Amino acid sequence: MSIFRKLNTLLRAGIRESAEVVTDANAIRIYRQEVVDAENMLARRKTGLAGMIASRRDLEHEIALAEKRIANREGQVRELEPEQRSEDLLMLAARDIAATEAHLSDLRKRHVTVSDRIDREEITLRKLLSEIREHRREVKILQSQLARGGGNLSPGCRATVAEHLATLGQTRADITGAVNDIDTAEVSMEEAIERVEGDAIERELSRTGQDRQSRHVDEVLARLKGLESAA
């Protein structure tokens, strides 16, 4: 028989000594353990949040490096004399810049995704921490009432224990479900990107120089040709 069924039996029938029901003292022990389990979940999620924050910082560092690389390449071209700007040299620079810009765009999208997840996680953990504090206080109150009642709780207190157990269990289930939804969404996005980038039409366009990346290189090349020399 599950804990909740035992507690419900206790509340409905008011049985005291049956082995099939949870005693008042055990009900509080169960409640206290549920609080501990929630605290353990909070600790694990804090570690995960710290990892996400570190990932965001890494992304920010990569973004800065990519932006610097693009600026440096354009600066190198700008410093060349017009007669030094051969088509081959400009094409090499254009391809490098285009590839870096594509990478930069991907980094920025990932940064937005990670930042959004961090914001949601912070809200979730604040809510969980607030609930844990409330449940800690409630456990102390119930333990005090149990002591005053000679080892027995009033019917109202028993109902309180059951309600808090249900609330705490639902909170943990909601948090776990939210994480699974986020992970599923991220996997789906990765699959969608892979399907698009691996499209047969896109590969054919690439062969003829009409794909997105080739057009991007042409745009960068035109931009480089428009740069004025340092002289």
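From a predicted model like this one, the values you see are computed outputs, not experimental measurements.

Asks: Before we move on, can you summarise the overall build of the chain with the specific residues and values?
Replies: Scanning the chain from N- to C-terminus turns up six helices and zero strands. Listing every helix and strand of the chain by position from the N terminus yields α-α-α-α-α-α. Contacts in the chain between residues far apart in sequence, at least 24 positions, make up 80% of those at least 6 positions apart. Just so you have it, the chain exposes about 14600 Å², and 52% of that area is on carbon and sulfur atoms.

Asks: Can you explain the packing of helix H2 (residues 24-79) against helix H3 (residues 87-148)? Please cite residues and give values.
Replies: The contact between H2 and H3 brings their axes to 6 Å, and the two run at 160°. As the angle between them shows, H2 and H3 are arranged roughly antiparallel. Of the two possible hands of crossing, H2 and H3 adopt the one that is left-handed.

Asks: Please set out the confidence of the model for the chain residue by residue, giving values where relevant.
Replies: For any part of a model where pLDDT is low, the fine detail of the predicted coordinates should not be relied upon. Taken as a whole, the chain shows an average pLDDT of 74; of its residues, 70% reach a score of 70 or greater. Least confident of the elements in the chain is helix H5 (residues 200-207), whose mean pLDDT is 48; most confident is H2, at 88. Long-range and interchain partners of residues 12-21, a stretch whose pLDDT sits below 50, account for twelve contacts in this model, where long-range means more than four residues apart.

Asks: Can you tell me about helix H6 (residues 212-225), naming the residues and giving the values?
Replies: Along an α-helix, a turn takes 3.6 residues, which lines up residues three or four apart on a common side. The terminal C-alpha atoms of H6 lie 20 Å apart, and with 14 residues this matches the ideal 20 Å at 1.5 Å per residue to within 8%. Against H2 and H3 lie the buried residues of H6.

Asks: Mind laying out the side chain of Asp-96, listing which residues take part and the relevant values?
Replies: With respect to the secondary-structure elements, Asp-96 resides in helix H3. Looking at Asp-96, the relative accessible area reads 19%, which means it is buried. Of the polar contacts made by the side chain of Asp-96, one reaches the side chain of Arg-73; its length is 3.0 Å. When residues no more than four places from it in sequence are discounted, the contact partners of Asp-96 are Arg-69 and Arg-73.

Criteria and thresholds
- Residues numbered from 1 in each chain as written.
- Predicted model: local features only at pLDDT ≥ 70, side-chain atom pairs only at ≥ 80, totals over all residues.
- Heavy atoms only, no water.
- Helix = DSSP H or I, 4+ residues; strand = E, 2+ residues; numbered from the N terminus.
- Contact = heavy atoms within 4.5 Å.
- Areas by Shrake-Rupley, 256 points an atom, 1.4 Å probe, with all protein chains shown as cover.
- Axes fitted to C-alpha atoms, helices over the stretch in contact; angles between N-to-C directions.
- Parallel < 35°, antiparallel > 145°, perpendicular 65-115°, else oblique.
- Left-handed = near helix turned anticlockwise from the far one by under 90°.
- pLDDT = per-residue confidence, 0-100.
- Expected span 1.5 Å × (residues − 1).
- Buried < 20%, exposed > 50% of the residue type's maximum accessible area, 1.4 Å probe, protein only.
- Polar contact = N/O pair within 3.5 Å; in protein donor to acceptor, adjacent residues only side chain to side chain.

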